[in-house]
Amino acid sequence: MIAYKKITFAFVLALVALTASATKIEKGIKLLNEKQYTKAKDILEDILADYPAHPAALYGMARYFAAEDNPAFNFEKGYEFVIKAQQTARDANAAMKKEMGSVQIGETEIVLLKEQIEKTAYSIALKSGTLAAVEQYLNSFHETHLRNEVLLKRNALAFAEAEKENTSAAYDQFLKKYPDAAEAKMAKDNYDLRFYQENTNEKQPDTYLEFSKKHTRSPYAKEAKEKFDRLMYDKCLADNTLEAFEEFIRTRTDNMYLAEAKTKFERMLYETRTKGRTIEEFQLFINQYPSSPFIPQAEEQIYLLSIKGDKTSQTYYNFIQAYPNNRYTKDAWQMIEQMEINYSDTSTITTFLNKYKNYPNASKLQKIMLQYQKVLYPVKAKNGKFLPSTYYKNLSD
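(A) Representation of the nonpolar core within the structure. Residues Ile25, Val82, Ile110, Ile117, Tyr137 and Phe174 are the most contacted members of the largest nonpolar core, which totals 57 residues. Residue contributions to this core peak at 9 residues, all from helix α3 (residues 55-66). The residues touching Val82, leaving out its near neighbours within four places in the chain, are Ala62, Ile110, Leu113, Lys114 and Ile117. If you look at the next biggest cluster of nonpolar residues, it comprises 50 residues, including Tyr208, Phe211, Ala224 and Leu242.

Following this line, the structure appears as structure tokens:
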């Protein structure tokens, strides 16, 4: 019986205490609405001194610090209180929830205040327009319902700062801090470009070759090698001497302009060695550079210079005798044939063959002579009709 009385007495005391705190909460909220902030704060702190986890009192303190016309205005402190109010409201017992209801403060009101604080604080951060302000917002309002929106803004501001600095280090720092940012791909592209530019110098061509070898995974490795090749070849072109081209061909065996350099070298070599345009120079060139692609041109010039002036069969024959390995001896023989042979008169063929014992196509002329010695007659079939020309018979058959 005594124990029962003690429990009842304790319950009554608790009920009285809650009723008293409810009255205080109601008064504190009323004072907040009337903007009597200092008086409201005193009452709310008095409640929290006895009930540190009182959701309604925590809510009231959040409103106190979130009031922008309050001299003690502090969004960050207001946010701390509203987060505590939200947490304690979830765990409140039935009696506490009833008390909160009596002053019209529930979880919904707490969430609305939380979101209001988050929005207002974010708008202030945006007005500053700085990355530091937005990052400070994320640090202070870590449970903000605007988190996704704020992250996008933070990333955009951070990327803008990296672009303004425009160095590989700035882009690298951005990528390390914000690897999931929408701007990450652009940052990586910019990083690759600036890293390439910062580590190469046109006045030092070897920097391009070094870059291509050292940074093989860079998207600019191939471009660096091509740039090096171009710079080396441009230097060779600027020198424009046989020695420069010889050196380039000997030392730059993997240069992309090697084939072009060889072509220019061969032409320069040919033009230099035959600048006097004499038969002797052309023949000397052929002897000294038998594998040159300009051998045909040299042989043609020897041919043209040899027959210059009176173009007689003897002129052409002299050329053949002097340069028997020249590819234009065939042309010279054709000219002699045209001058000395009448194909309708086989005696001219006989004379030609007797005169030019070294004629390379004697068998051809002999066949022509035999052809002219044949007389063909048509052959008549048994039916009295003439057979096709393939059946014509030689008189001697």
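Further notes follow.
(B) Quick look at the packing of aromatic side chains. One pass over the full model with this rule turns up 32 aromatic pairs. Ring geometry for Tyr233 versus Tyr257: centroids 5.1 Å apart, planes at 5°, classification stacked. Taken together, the positions of Tyr233 in helix α12 (residues 221-239) and Tyr257 in the loop between α13 (242-251) and α14 (258-273) put the pair 24 residues apart, joining distant regions of the chain. Exposure remark for Tyr257: the relative accessible area of 16% places this residue in the buried category. An aromatic cluster of at least three residues, connected via ring pairs, comprises Tyr191, Phe195, Tyr196, Tyr208, Phe211 and Tyr220.

(C) Here's a closer look at the environment of Arg273. Checked against the element boundaries, Arg273 lands in helix α14. Residue class for Arg273 comes out partly exposed when judged on its relative accessible area of 35%. Sequence-wise, Arg273 and Phe285 are 12 residues apart; in three dimensions their C-alpha atoms are separated by 6.6 Å. With residues near it in sequence (within four places) discarded, Arg273 still touches Leu242, Glu281, Phe285 and Tyr289. Within the structure, Arg273 has its side chain in polar contact with the side chain of Tyr289 (distance 3.2 Å).

(D) The confidence of the model for the protein chain, seen in detail. Per-residue confidence for the protein chain gives a mean pLDDT of 89, with 88% of residues at or over 70. Predicted confidence for residues 390-397 stays below pLDDT 50, and this span has 15 contacts to residues more than four positions away or in other chains.

(E) Highlighting the pattern of salt bridges. For the structure shown, the criterion picks out 20 salt bridges. Linking Lys235 and Asp239 is a salt bridge whose minimum nitrogen-to-oxygen distance equals 3.6 Å. Within this pair, Lys235 and its partner Asp239 are both found in helix α12, separated by 4 residues, close to a single helical turn. With a closest N to O distance of 3.2 Å, Lys355 and Glu340 form a salt bridge. With a gap of 15 residues between them, Lys355 in helix α19 (residues 346-355) and Glu340 in helix α18 (residues 329-340) connect regions that are remote in the sequence. Through salt bridges with shared partners, a single network forms among Lys225, Asp229 and Asp254.

(F) Seen up close, the side chain of Thr348. In this structure, Thr348 sits in helix α19. Side-chain polar atoms of Thr348 contact the backbone oxygen of Asp345, separated by 2.6 Å. When sequence neighbours within four positions are dropped, the list of residues in contact with Thr348 reads Glu340, Ile341 and Asn342.

(G) Structural context of the packing of α3 against helix α6 (residues 107-128). Taken N-terminus to C-terminus, the directions of α3 and α6 make an angle of 25°; their axes are 11 Å apart at the nearest point. Taken together, the axes of α3 and α6 are roughly parallel relative to one another. At the point where α3 passes α6, the crossing takes the left-handed sense. Contacts from Tyr59, Ala62, Arg63 and Ala66 in α3 reach Glu109, Ile110, Leu113 and Ile117 in α6. Class assignment of the residues belonging to the contact of α3 with α6 gives a composition of 6 nonpolar, no polar and 2 charged.

What counts as what
Residues numbered from 1 in each chain as written. Predicted model: local features only at pLDDT ≥ 70, side-chain atom pairs only at ≥ 80, totals over all residues. Heavy atoms only, no water. Core = buried A, V, L, I, M, F, W, Y, C linked by side-chain atoms within 4.5 Å. Buried < 20%, exposed > 50% of the residue type's maximum accessible area, 1.4 Å probe, protein only. Helix = DSSP H or I, 4+ residues; strand = E, 2+ residues; numbered from the N terminus. Contact = heavy atoms within 4.5 Å. Phe/Tyr/Trp six-rings, centres within 6.5 Å; stacked < 30°, edge-to-face > 60°. Polar contact = N/O pair within 3.5 Å; in protein donor to acceptor, adjacent residues only side chain to side chain. pLDDT = per-residue confidence, 0-100. Salt bridge = Lys/Arg side-chain N within 4 Å of Asp/Glu carboxyl O. Axes fitted to C-alpha atoms, helices over the stretch in contact; angles between N-to-C directions. Parallel < 35°, antiparallel > 145°, perpendicular 65-115°, else oblique. Left-handed = near helix turned anticlockwise from the far one by under 90°. Nonpolar A, V, L, I, M, F, W, Y, C, P; charged D, E, K, R; others polar.

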